[in-house]
Amino acid sequence: MEEFHHSILPEMHEIWQQTLNWQPSIEQQAQFQQLYEAIVIGNQKLNLTRITVPEEFWEKHLWDSLRGIVSLLPTNSVGAHSRAPLQKIIDIGTGAGFPGIPVAIALPDAEVTLLDSTQKKVAFLNSLMTEMNLQNIQTLIGRAESINKQPQHFSNYDIALVRAVAAADVCANYALPFLKAEGLAVLYRGNWTKEEETTLEDTIKKLSGKIEKIEKFTTPLSHGTRHCIYLRKTSS
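Note that this is a predicted model, so its numbers are computed, not measured.

Here we have 7 strands laid out as an open sheet, ordered β3-β2-β1-β4-β5-β7-β6, and mixed in their pairing. Each edge of the sheet is formed by a strand with only one pairing partner; in this case those strands are β3 (137–141) and β6 (209–218). Neighbour-to-neighbour, the strand axes of this sheet turn through a mean angle of 20°, independent of strand direction. Here strand β1 (residues 88–92) pairs with strand β2 (residues 111–116) via 5 bridges, running parallel. Each residue of the ladder has a partner; that of Ile89, found in β2, is Val112.

For the rest of this paragraph, the subject is the pattern of salt bridges. Across all of its chains, the model carries 10 salt bridges by this definition. Residue Arg226 pairs with Asp64 through a salt bridge whose shortest N-O separation is 2.8 Å. Note that Arg226 is positioned in strand β7 (residues 225–233) and Asp64 in helix α3 (residues 54–67), a separation of 162 residues in sequence. Ionic pairing is found between Glu111 and Lys88, a salt bridge with its closest N-O pair at 3.9 Å.

On to the environment of Leu62. Assignment of secondary structure puts Leu62 in helix α3. A residue is classified by how much of its surface remains accessible, and Leu62, at 0% relative accessible area, is buried. Sequence spacing of Leu62 and Leu35 is 27 residues, and the spatial spacing of their C-alpha atoms is 10.0 Å. Look past the residues within four positions of Leu62 in its chain and what remains in contact with it is Leu9, Trp16, Phe32, Leu35, Phe57 and Pro102.

A separate point is the nonpolar core. In a soluble, globular protein the nonpolar side chains are often hidden away together inside. Counting 49 residues, the largest nonpolar core has Trp16, Leu66, Ile101 and Leu128 as the members making the most contacts within it. Ranked by the residues each element gives to this core, the list is headed by helix α2 (residues 26–42), at 6 residues. If we skip the residues at most four places from it in the chain, Leu128 touches Leu35, Ala38 and Ile101. Formed by 25 residues, the second largest nonpolar core is a distinct cluster that contains Leu140, Ala160, Tyr174 and Trp192.

Along its 14 residues, helix α5 (residues 119–132) runs 20 Å from first to last C-alpha, staying within 8% of the 20 Å computed at 1.5 Å per residue. What α5 keeps buried is the set Val122, Phe124, Leu125, Leu128, Met129 and Met132. Angular distribution of buried residues about the axis of α5 spans 155°; they occupy a single face of the element. Away from its buried face, by an angle of more than 90 degrees, α5 presents the exposed residues Gln119, Lys120, Thr130 and Glu131. On its buried face, α5 is in contact with α2, α4 (100–106), β2 and β3. At the exit of α5 stands Asn133, carrying a positive phi of roughly 55°.

Burial within β2 is extensive, with 5 of its 6 residues counted as buried. In this region the chain leaves β1, passes through α4 and returns to the parallel neighbour β2; the handedness of that crossover is right-handed. One ladder, built from 5 bridges, connects β2 with β3; its direction is parallel. Bridge assignment links Leu114 to a residue of β3, and that residue is Thr139. After leaving β2, the chain enters α5 and then returns to the sheet as β3, a path that is right-handed.

What counts, and where the lines are drawn
- Note on numbering: residues in each chain are counted from 1, in written sequence order.
- Only residues with pLDDT of 70 or above have their local features reported here, since the model is predicted, and side-chain atom pairs are shown and tallied only from 80 upward, although totals for entire chains, interfaces and linings are computed over all residues.
- To get the side-chain values, take all heavy atoms of the structure and skip hydrogens and water.
- We treat two strands as partners when DSSP finds at least two bridges between them.
- Helix numbers and strand numbers start at the N terminus; a helix is a DSSP run of H or I with at least 4 residues, a strand a run of E with at least 2.
- Axes, fitted as lines to C-alpha atoms, cover a helix only where it is in contact. Angles between the N-to-C directions of the axes lie from 0 to 180 degrees.
- The rule for a salt bridge is simple: a side-chain nitrogen of Lys or Arg has to be within 4 Å of a carboxyl oxygen of Asp or Glu.
- Buried residues are those whose accessible area, probed at 1.4 Å on protein chains only, stays under 20% of the maximum for their type, while exposed residues exceed 50% and partly exposed ones sit between those limits.
- The contact rule is simple, with two residues in contact once any of their heavy atoms fall within 4.5 Å.
- Here, nonpolar core refers to any group of buried Ala, Val, Leu, Ile, Met, Phe, Trp, Tyr and Cys residues whose side-chain atoms link them within 4.5 Å.
- The length a helix should cover is 1.5 Å for every residue beyond the first.
- Throughout, the arc means the angular range of directions from the helix axis out to the C-beta atoms.
- The path from the first strand over the helix to the second decides the hand: if it runs clockwise while the strands point away from the viewer, the crossover is right-handed.

See the structure below:
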C-alpha cells in the first residue's frame, strides 16, 4: 500500500484546455483524485478496472468520459459553472462508474443516474457516493432492457451514455427508450465501421432515433483512435 500513497493523478491543465476547452477546478481535481484512490482500493476486492496507472486512468477514464459530453462542458474557464438547465443523465452499464461519475463531477448541476446489473458494483458505487459526498448521483440495479420500459424511466432522460457495453445497435436498443423526445444518446466506441453504421441505422429507425453525428478523435496521451456516436431521439 505504501507506494499507492504516491500515486497522484496528473493535472493536465493544458491538455484539458486544448482538447476540451475546459479544465477542472481545484475542487474537481481533488474529486478526481479521490475517485482514483477509491477505485484502486476497491479493485483489491472487486474487479473494477485494469486501468490503475495514474496517466492511463486520467486518459482512459477521466478524459475519455468527458470527451463524449464535450458540448455540455462549460467552456473556457476553470471548472466553469454556467447554470445550465438541469440535465437528467443516465449511464447505462456503468461498471466502476464511468463515464457517469466524471460527468457528474464536471457537471454539478446535472442529475446523474448510474445503472448496472451487478449488485456488488452498485454497492461499491453507493459507498463511494457517500464517501465523496456526491449529491447529484443516484444508482439503479437492473438490466437496461427491462428498466427502460418502467414508467418512471421510460422517456425520462435528456442524455443516455453507453460505454463499452455491447454492439452499437444493442446499445441503441438500451439507450433510446430512456430518452425524452429530442434527447441524446452517446455511444462511446473504439473502432467504427461502415457495417456497424448500417446496422445501427436500421435499428434506430424503429426506435424513433437518428444518427446526429459521428466524431472520430485521438486520445491525447496514447494516441488511440476513438469514436463517439451521437443519436438523437426524434419523438417519444
